[in-house]
Amino acid sequence: MTATLPEEDLEQHFEATIERDQRIEPRDWVPEGYRKTMIRQIAQHAHSEIIGMQPEGNWITRAPSLRRKAILLAKVQDEAGHGLYLYSAAATLGADRADLTDKLINGKQKYSSIFNYPTLTFADVGVVGWLVDGAAICNQVPLCRSSYGPYARAMIRICKEESFHQRQGFELLMTMMRGTEKQREMVQEAVNRWWWPSLMMFGPPDADSPNTAQSMAWKVKRHTNDELRQRFVDMSIPQAEALGVTFPDPDLKWNAERGHYDFGAVDWDEFKNVLKGNGPCNAQRVAHRRRAQEDGAWVREAASAHAAKKGSSA
Ligand SMILES: [Fe+2]
Ligand SMILES: [Fe+2]
């Protein structure tokens with residue numbers, strides 16, 4: 001009966017659980033700050049999965065073959081599934097899914113800035129899979145060890161699927177690179193547009209990331225933004241070489257002393273501007289989500305009427 005314990009004992013139990021590297025579960029008492037931080041992070045992540053369906057969903061009807069269409073459909077459906085696991089994880093902390101959706105479509109909660117960029121050619125589908133899902137994997141693999149149990153477990157399955165997404169993107173690009181000169185140009189042009197926004201996916205530099213220290217102490221986060229960004233850069237360069245593309249950064253070079261690649265400065269003004277709502281597709285993405293929510297109202301009403309009827313006849 002933990003509910004009858006005084007608050008300092010509960011707090012001690014919470015701290016000790018984190019200290020021992022064990023998981024916090026929905027039945028456990030948590031400090032209000034932890035609960036709020038987790039809900040915010042999980043909701044932002046869920047929103048990113050759902051909004052992230054749009055840029056690629058845009059190409060389903062125009063995929064160049066039945067095979068590509070089937071792959072893309074499966075990928076976009078996976079993202080919907082990721083959103084659902086995550087909304088469910090947030091619900092275990094007391095969040096209400098309808099309320100989270102309201103906050104998303106009213107601009108009160110954020111989603112990843114990357115999904116505010118347009119997918120202009122079919123090469124973008126490959127580059128999004130390769131770089132955007134690749135960056136997501138870098139961010140999310142350590143979250144499989146996040147201190148909140150339902151989030152950590154959701155992340156294990158999500159990461160397996162993200163790994164499929166990344167490979168399908170790379171395979172698509174490999175196929176295009178073996179095609180015509182025009183196709184190779186399309187790939188390079190898409191890489192040029194997505195490289196910098198992909199680096200922004202890791203969030204602001206550590207010096208400018210006020211929540212990092214607390215999230216690391218709670219073991220919600222295992223590595224800082226800059227560490228993960230560096231890992232992504234180091235991982236992506238040999239892949240770009242294998243593909244035969246370059247990244248649009250003249251400062252990119254191996255630093256033997258550090259044992260890492262050096263890279264140029266990210267344009268953080270652009271990042272902040274996109275987060276503020278001024279990216280190329282912010283308004284379009286949110287309007288589309290709002291429309292889907294309104295169009296689905298009758299389904300939700302019918303489902304709850306059905307559930308109520310079943311409940312009363314039982
Ligand atoms: Fe996903
Ligand atoms: Fe994905």
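Residues numbered from 1 in each chain as written. Chains lettered and ligands numbered in written order. Predicted model: local features only at pLDDT ≥ 70, side-chain atom pairs only at ≥ 80, totals over all residues. Heavy atoms only, no water.

As recorded in an unreviewed UniProt entry, the protein goes by the name 1,2-phenylacetyl-CoA epoxidase subunit PaaA, listed as coming from Amycolatopsis speibonae.

J.: Can you break down the coordination of the iron ion (ligand 1) residue by residue, with the values?
T.: Ligation of the iron ion (ligand 1) by protein atoms is provided by Glu49 (OE), Glu79 (OE), His82 (ND1) and Glu162 (OE), these donors lying 2.0 to 2.2 Å from the ion. Given four donor atoms and angles of 87 to 140° at the metal, the environment of the iron ion (ligand 1) is assigned as irregular. Ordering the donors of the iron ion (ligand 1) by residue number gives the pattern E-x29-E-x2-H-x79-E. Here the iron ion (ligand 1) and the iron ion (ligand 2) are spaced 3.4 Å apart, linked through Glu79, which binds each one. Residue Glu79 and its partner His82 are located together in helix α4 (residues 66–91), separated by three residues, close to a single helical turn. In this pair, the class of Glu79 matches that of His82, namely buried. (Donors = N, O, S within 2.8 Å, 3.2 Å for Na, K, Ca; no water. Tetrahedral: all angles 85-135°; square planar, octahedral: opposite > 155°, others 65-115°. Helix = DSSP H or I, 4+ residues; strand = E, 2+ residues; numbered from the N terminus. Buried < 20%, exposed > 50% of the residue type's maximum accessible area, 1.4 Å probe, protein only.)

J.: Now, about the coordination of the iron ion (ligand 2): what can you tell me, with residues and values included?
T.: Within the protein, Glu79 (OE), Asp133 (OD), Glu162 (OE) and His165 (ND1) serve as the donor atoms for the iron ion (ligand 2), at 1.9 to 2.2 Å. Considering all four donor atoms around the iron ion (ligand 2), angles at the metal cover 86 to 156° and the coordination shape is irregular. Sequence spacing among the residues donating to the iron ion (ligand 2) works out to E-x53-D-x28-E-x2-H.

J.: Report on empty space enclosed by the protein, specifying residues and quantitative values.
T.: In this structure the tally under the stated criterion is one cavity of 30 Å³ or more. The calculated volume of the largest cavity comes to roughly 30 Å³. Along its surface, the largest cavity is lined by Arg68, Ile71, Leu72, Phe122, Val125, Gln168 and Leu172. Within the residue set of the lining of the largest cavity, elements represented by two or more residues are α4, α6 (122–140) and α7 (149–177). Ranked by residues supplied to the lining of the largest cavity, first place goes to α4 with three residues. Considered class by class, the residues forming the lining of the largest cavity number five nonpolar, one polar and one charged. (1 Å grid on protein atoms, 1.4 Å probe; cavity = no way out; pocket = protein on both sides within 12 Å on 5 of 7 lines; lining within 4 Å. Points joined across faces, edges and corners; volume = space filled by probe spheres on them. Nonpolar A, V, L, I, M, F, W, Y, C, P; charged D, E, K, R; others polar.)

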